[in-house]
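Working through the structure, step by step
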Amino acid sequence: MSELLLVTGVLEPSSEVLPALGLLLHSVRVLPADASALVEAPPADVVLVDARRDLVHAKSICRLLATTGLDCPMMAIVTEGGLAAISADWNVDDVILNTAGPGEVEARIRLALGRRAQASAADAPDEIRSGDLSIDEATYSARLRGRALDLTFKEFELLKFLAQHPGRVFTRDHLLQEVWGYDYFGGTRTVDVHVRRLRAKLGPEHEALIGTVRNVGYRFVPVKGGADNSAPEASDAVPDDPSGAVSPVVPPVSPTETRR
């Protein structure tokens, strides 16, 4: 499930702008299409710009968003007649017809996210560092204060994936898909076991690098300059129950909307 930001100038719910959104499990936030609102736009995985009616204004919004250093894919929602107006200077990653079905919309979102991730990976350095922890993607090795960590392949992949997205919370299902793959049929308990093993290998002083967000999942807690490595970054990163019990995962719910 992704966080979608819908930028529109009409007073309609997202399911009216793009009906397929009402059939998908993505979380959708609606933002008015004006410059003042866009300056403080909340973070999102994908930005959708409503270009069904006013193509000129939608183009200016897209170009404005591109100048703000937007680090996620941007897609324009157009009518079939509006396709003729789309060009490279819109600075969008893709276009979606407002009549597109949920399967097509889901595929376009997935492809846009995948292309952005590949581009980021190509530009990213081979080594990820956070405080005393360093992860070398080229050699599949991780070191803590210069000491090599004895990690299995999946433990390394899990640690690397979390460290590549510092502060971002991932559900157990999402981690299964990203680290183990879509064809893995094991349960989410696998993630809990690997997290527990990782924390044990990181040791008491550094186990808080992997934070638990109760009823949601896990995140990597980045180390700030001069901060104690053992201190969690925020109060929502709480450790597992000492008894070994793991907080249950709340299943995805229907998309939520807020209008600013």
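Reference entry: report on the structure contained in this document. (Residues numbered from 1 in each chain as written. Predicted model: local features only at pLDDT ≥ 70, side-chain atom pairs only at ≥ 80, totals over all residues. Heavy atoms only, no water.)

**As for the nonpolar core**
Counting 26 residues, the largest nonpolar core has Leu133, Ile135, Leu158, Leu159, Leu175 and Ile210 as the members making the most contacts within it. Listed by contribution, the elements that provide at least two residues to this core are β7 (133-136), β8 (141-144), α5 (153-164), α6 (172-180), α7 (189-202) and β12 (217-220). Ranked by residue count, the leading element in this core is α5, at six residues. When neighbours within four sequence positions are excluded, leucine 175 is seen to be in contact with Leu158, Phe161, Leu162, Phe170, Trp180, Val191 and Tyr218. Ile61, Leu65, Trp90 and Val95 belong to the second-largest nonpolar core, a separate cluster that totals 20 residues. (Core = buried A, V, L, I, M, F, W, Y, C linked by side-chain atoms within 4.5 Å. Buried < 20%, exposed > 50% of the residue type's maximum accessible area, 1.4 Å probe, protein only. Helix = DSSP H or I, 4+ residues; strand = E, 2+ residues; numbered from the N terminus. Contact = heavy atoms within 4.5 Å.)

**Overview of the environment of arginine 53**
With respect to the helices and strands, arginine 53 occurs in the loop between β3 (46-50) and α3 (55-67). For arginine 53, a relative accessible area of 58% puts it in the exposed group. The sequence separation of arginine 53 and valine 78 amounts to 25 residues, and the corresponding C-alpha distance is 8.0 Å. In contact with arginine 53, not counting residues within four places along its chain, are Val10 and Glu12. Of the polar contacts made by the side chain of arginine 53, one reaches the side chain of glutamate 12; its length is 3.0 Å. (Polar contact = N/O pair within 3.5 Å; in protein donor to acceptor, adjacent residues only side chain to side chain.)

**Let's talk about the sheet that holds strand β6 (residues 127-130)**
Spatially, four strands are ordered β6-β7-β8-β9 in an open sheet, and the strand pairing comes out antiparallel. Only two strands of the sheet have a single partner each, and these edge strands are β6 and β9 (147-148). Alignment of β6 against β7, held across four bridges, turns out to be antiparallel. The residue bridging isoleucine 128 from the neighbouring strand is isoleucine 135, located in β7. Of the strands in this sheet, β6, β7 and β8 are in contact with α5, which crosses β7 at around 110°. (Pairing = 2+ DSSP bridges. Axes fitted to C-alpha atoms, helices over the stretch in contact; angles between N-to-C directions.)

**Regarding the packing of aromatic side chains**
Taken as a whole, this structure holds three aromatic pairs when the rule is applied. Plain terms: the ring middles of tyrosine 140 and phenylalanine 153 are 5.9 Å apart, the flat faces sit at 35° to each other, and that makes the pair tilted. Here tyrosine 140 is found in the loop between β7 and β8, whereas its partner phenylalanine 153 is found in helix α5, with 13 residues between them in sequence. Ring plane angle 55° and centroid distance 4.8 Å describe the contact between phenylalanine 161 and phenylalanine 170, whose orientation is recorded as tilted. In this structure phenylalanine 161 comes out as buried when scored by relative accessible area, which is 10%. (Phe/Tyr/Trp six-rings, centres within 6.5 Å; stacked < 30°, edge-to-face > 60°.)

**Overview of the sheet that holds strand β5 (residues 94-97)**
Strand pairing within a sheet occurs via backbone hydrogen bonds; the two strands may be parallel or antiparallel. Taken in spatial order, the five strands of this open sheet run β2-β1-β3-β4-β5, and their pairing is parallel. The sheet is open, and its two edges are formed by β2 (27-32) and β5, each paired on a single side. Pairs of neighbouring strands in the sheet enclose a mean axial angle of 25°, with direction left out of account. Inspection of the sheet shows strand β1 (residues 3-8) paired to β2 by six bridges, in the parallel sense. Its bridge partner lying in β2, leucine 5 is registered against arginine 29. The sheet contacts of α3 involve β1, β3 and β4 (74-78), and relative to β3 the element is tilted by about 155°.

**Some remarks on α3**
With 13 residues, α3 should cover 18 Å at 1.5 Å per step; its first-to-last C-alpha distance of 19 Å lies within 8% of that length. Against the buried residues of α3 lie β1, α2 (35-39), β3 and β4. Just downstream of α3, glycine 69 is the residue with a positive phi angle, here 80°. (Expected span 1.5 Å × (residues − 1).)

**Focus on the pairing of β1**
Counting buried positions along β1 yields five of six residues, so the element is predominantly enclosed. Looking at chain direction, β1 and β3 are connected through four bridges and run parallel. Residue pairing in the sheet places leucine 6 in a bridge with leucine 48 of β3.

**Remarks on the packing of α6 against α7**
Between α6 and α7, the shortest axis-to-axis distance is 9 Å and the interhelical angle comes to 80°. It follows from the interaxial angle that α6 and α7 lie roughly perpendicular. Where α6 abuts α7, its residues Arg172, Leu175, Leu176 and Trp180 lie against Thr190, Val191, Asp192 and His194. Classifying every residue of the contact of α6 with α7 by side-chain character gives four nonpolar, two polar and two charged. (Parallel < 35°, antiparallel > 145°, perpendicular 65-115°, else oblique. Nonpolar A, V, L, I, M, F, W, Y, C, P; charged D, E, K, R; others polar.)

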